[in-house]
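# Summary of the model geometry
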Amino acid sequence: MKPTFHAKKAVIAGIGQTEFSKDSGRSELQLACEAIKLALDDAGLTPADVDGMSTFTIDNNEDVDLVRSLGIRNLRFSSRAPHGGGGSMATIAHGMAAVEAGLSNAFVCFRAMNERSGARFGIAHLAPNSNSKGSGSGFLEWSMPFGAASPAAWTGIQAQAYMARYGLTNADFAPISVQLRKNAATNPLAWYFQKPITIDDHQSSRWIVEPIFRLLDCCQESDGGVAIVITTAERARDLRQKPAVIAHATQAVPFETETVTNFYHQDLTAFDSGLHCAKELWGRTGLSPRDIQVGMLYDHFTIAVFWHLEAMGFCKPGEAAGFVKDGHLALDGSIPISPNGGLIGEAYIHGMNLVTEAVRQIRGTATNQVKNVENVLLSAGMSGAILSRC
Amino acid sequence: MMATPEMTASRETARRPQPIPSRDSLPFWEGAARGELLGQRCADCKLFRHPPRPMCPSCQSVKWEWLQLTGRGKIAAWMLPVHPRIPLFDDPLVCVLVDLDEGIRIFSNLYECAPDQVRNGMAVEVFFVPTAGDKQVPVFRPVRGERS
């Protein structure tokens, strides 16, 4: 199915990204500036055109510093989206809403961080820091005093409930890492370019959270910046690139849900936020899983891919492990996953490098290009989006 | 087999970081410091809730009461954090989500049970271990003779 779009529909007209590394050697502000400038160049716009902006609540960059660095004249709309990487696609939702409401005509979404060389996510979080406020997580108060102080620990305990219910072991996660590293191996922009892994590599990597996650179940820690530019379909006609239409973008903050420390909704094996995203995305676009050619599924940990597949309806609850084992996620499978290698294989820019790859897949310019791409799903749990060819 | 946490539970030193209460949760942590597991309940519709919050999500009342809980429940999920190793905690350290009899779920630790013996659905009961700052936090152990 192919939806039709009106002239004021929001589209992604430009993408930009710095190199992805473990030590960028420059400030997070510089990474943000560089990524935004690249996205504007890609679109054929200038900083003077920019009048809207969004990033994450936990991004360390201030809009005023970006305005004065890039030479932006005035932001009519500036927002931040909560929920960390789970909320990554919320930046798109905010941009879409602003552009379609006429509150902005050139809206930048960005994320820039020295997350490996600076404040790492994967270390123990035992005291208030820049990630413990405004992210929608209760980890500092309710998990820290019990020695669960990292994202792997918080996600791992939810994963255990799922594994116990469906009789899975850590080995069931291996095909996900192997596929994502295979994709990254042929992507020169990926940190793990030319470094594929085997099932044995996965199974012999050390435990991070026992008996749930090994090292190769975890996404990377990365330095880098990513930006996109959103405008209307009408304006994009005069710009440099073929636009990727934002068929829809949404947030999901269901009752008793938290970011990462999502312990309090009734059924721990159900991906409550993803289910709400699915209902909204399919309902608003009229699309269904059959219409999706590429799944950019937020892979902070391997288990999350199972959760996305089930919540979005690619398979039924409890069937994801078998679905993955059957090869559906391969580049020539029924729902190819993150052809850039995702957060495990390419880099962890908090989900935003999934967006740039989604746009390349729509344009038909990706290194690991999937054939005949009409619609790409971006699924991050507490936010999601569908990008379409116009 | 790994060392059993019970060997270290008794000498759990006060290295464990103390909780960082909020205004809304302070009575929970004050109760824990006294060795009491308290649950917040709506004073109007009597619904228990956790984490604590100022309004009842069912009837929107801002009247609440703190009740001593039975301290019994069942393990809903568990895991062992291995890396990064945090020297302030015992090793091995079993983390659990416990579904309490009152219908609320809390995050905690499990003691007196080898990691390879932990099972979802296992019946557990509360006790308390000290933290830095002369506080205590609620942790759990299997209910003896009732392992399910």
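These numbers were taken from a predicted model, which means no experiment stands behind them. (Residues numbered from 1 in each chain as written. Chains lettered and ligands numbered in written order. Predicted model: local features only at pLDDT ≥ 70, side-chain atom pairs only at ≥ 80, totals over all residues.)

## Describing the overall build of chain B
Short version of the rule: The way it works is that DSSP assigns letters per residue, a run of H or I at least four long becomes a helix, a run of E at least two long becomes a strand, and they are numbered from the N terminus. With C-beta atoms placed from the backbone, the exposure class of a residue follows from how many other C-beta atoms lie within 10 Å of its own: 20 or more, buried; 12 or fewer, exposed; in between, partly exposed.
A count of helical and extended segments in chain B gives two helices and eight strands. Listing every helix and strand of chain B by position from the N terminus yields α-α-β-β-β-β-β-β-β-β. Sorting the 148 residues of chain B into buried and exposed places 39% on the buried side.

## Some words on the overall build of chain A
Quick note on the threshold: Contact between two residues is assigned when their C-beta atoms, built from the backbone, lie within 7 Å.
Along the backbone of chain A there are 13 helices and eleven strands. Principal-axis analysis of the C-alpha atoms places the extent of chain A at approximately 55 × 45 × 45 Å. Taking the contacts inside chain A whose residues are at least 6 apart along the sequence as the reference set, 77% of them involve residues at least 24 apart.

## Description of the interface of chain A and chain B
Quick note on the threshold: For two strands to be treated as a pair, DSSP must find at least two bridges joining them.
Listed by partner, the interface residues are 30 residues for chain A and 28 residues for chain B. Where the side of chain A that touches chain B is concerned, the elements lending two or more residues are α4 (139-142), α5 (151-166) and β5 (207-210) of chain A. If you tally residues by element for the side of chain A that touches chain B, the top one is α5(A), at seven residues. Across two bridges, β5(A) lies against strand β4 (residues 72-81) of chain B in antiparallel orientation. Opposite A:Val209, over in β4(B), you have B:Pro81 as the bridge partner.

## Some details on the packing of helix α1 (residues 28-43) of chain A against helix α2 (residues 63-70) of chain A
Residue and element names in this part refer to chain A. What counts here: Orientation is described by axes fitted as lines to C-alpha atoms, over the contacting stretch for helices, and by angles from 0 to 180 degrees between their N-to-C directions. Geometric relationships in this document are graded by angle, where less than 35 degrees denotes roughly parallel, more than 145 denotes roughly antiparallel, 65 to 115 denotes roughly perpendicular, and other angles denote oblique. For any pair of crossing helices, the crossing counts as left-handed if the nearer helix is rotated counterclockwise from the farther one by less than a right angle, and right-handed if it is rotated clockwise. All amino acids are sorted into three groups, where Ala, Val, Leu, Ile, Met, Phe, Trp, Tyr, Cys and Pro are nonpolar, Asp, Glu, Lys and Arg are charged, and the leftover types, Gly among them, are polar.
At their nearest, the axes of α1 and α2 sit 10 Å apart, and the two run at 60 degrees to each other. Taken as axis vectors, α1 and α2 run oblique relative to one another. The way α1 lies across α2 gives a crossing that is right-handed. Within the contact between the two elements, α1 uses Leu 29, Ala 32, Cys 33, Ile 36 and Lys 37 and α2 uses Asp 65, Leu 66, Ser 69 and Leu 70. Considered class by class, the residues forming the contact of α1 with α2 number six nonpolar, one polar and two charged.

## Regarding the sheet that holds strand β11 (residues 383-389) of chain A
Residue and element names in this part refer to chain A. Here we have nine strands laid out as an open sheet, ordered β3-β2-β4-β7-β1-β8-β11-β10-β9, and mixed in their pairing. The strands lining the two open edges of the sheet, one partner per strand, are β3 (77-81) and β9 (294-297). Put simply, the sheet's adjacent strands are angled 25 degrees from each other on average, direction ignored. As paired elements, strand β8 (residues 244-251) and β11 share seven bridges and run antiparallel to each other.

## Some thoughts on the nonpolar core
Short version of the rule: For this analysis, nonpolar core means a set of buried Ala, Val, Leu, Ile, Met, Phe, Trp, Tyr and Cys residues linked through C-beta atoms within 7 Å.
Grouped together as the largest cluster of nonpolar side chains are 165 residues, with contacts concentrated most on A:Ile12, A:Val229, A:Ile246, A:Leu378 and A:Leu387. When sequence neighbours within four positions are dropped, the list of residues in contact with A:Val229 reads A:Ile12, A:Ala13, A:Gly14, A:Ala39, A:Leu40, A:Ala43, A:Leu45, A:Ala106 and A:Val108.

## A short note on the environment of A:Cys390
Residues and elements named next belong to chain A. Examined against the element boundaries, Cys 390 turns out to sit in the segment after β11. A tally of 17 C-beta atoms within 10 Å means that Cys 390 is categorised as partly exposed. For Cys 390 and Ile 362, which are 28 residues apart along the polypeptide, the C-alpha to C-alpha distance reads 9.3 Å. For Cys 390, the contacting residues outside a window of four places in its chain are Phe 5, Ala 233, Pro 243 and Val 245.

## Brief notes about unusual backbone geometry
It is generally the case that most residues other than glycine have a negative phi and that most peptide bonds are trans. Residues and elements named next belong to chain B. The step from His 50 to Pro 51 runs through a cis peptide bond, and the omega angle for that step is 0 degrees. Within the secondary structure layout, Pro 51 lies in the loop between β2 (48-49) and β3 (64-68). A cis amide bond, omega 0 degrees, links His 83 with the succeeding residue Pro 84. The topology assignment puts Pro 84 in the loop between β4 and β5 (94-100).

## As for helix α6 (residues 174-185) of chain A
An α-helical turn contains 3.6 residues, so any two residues separated by three or four positions project in the same direction. All names here are of chain A. Put simply, the rule reads: Take the residue count of a helix, subtract one, and multiply by 1.5 Å to get its expected span.
Given a rise of 1.5 Å per residue, twelve residues ought to cover 16 Å, and the 16 Å separating the end C-alpha atoms of α6 matches this to within 8%. The element α6 is extensively covered by neighbouring structure, given that ten of its twelve residues are classed as buried. Contacts made by the buried residues of α6 are with α7 (199-204), α10 (302-311), α11 (320-325) and α12 (342-345).

## A short note on the sheet that holds strand β1 (residues 38-42) of chain B
Residue and element names in this part refer to chain B. Read from one edge of the open sheet, three strands run β2-β1-β3, paired in antiparallel fashion. Where the open sheet ends on each side, the last strands, each with one partner, are β2 and β3. In the sheet, β1 pairs with β3 via five bridges, with the strands oriented antiparallel. In the sheet register, Arg 41 faces β3, and the bridge partner there is Glu 65.

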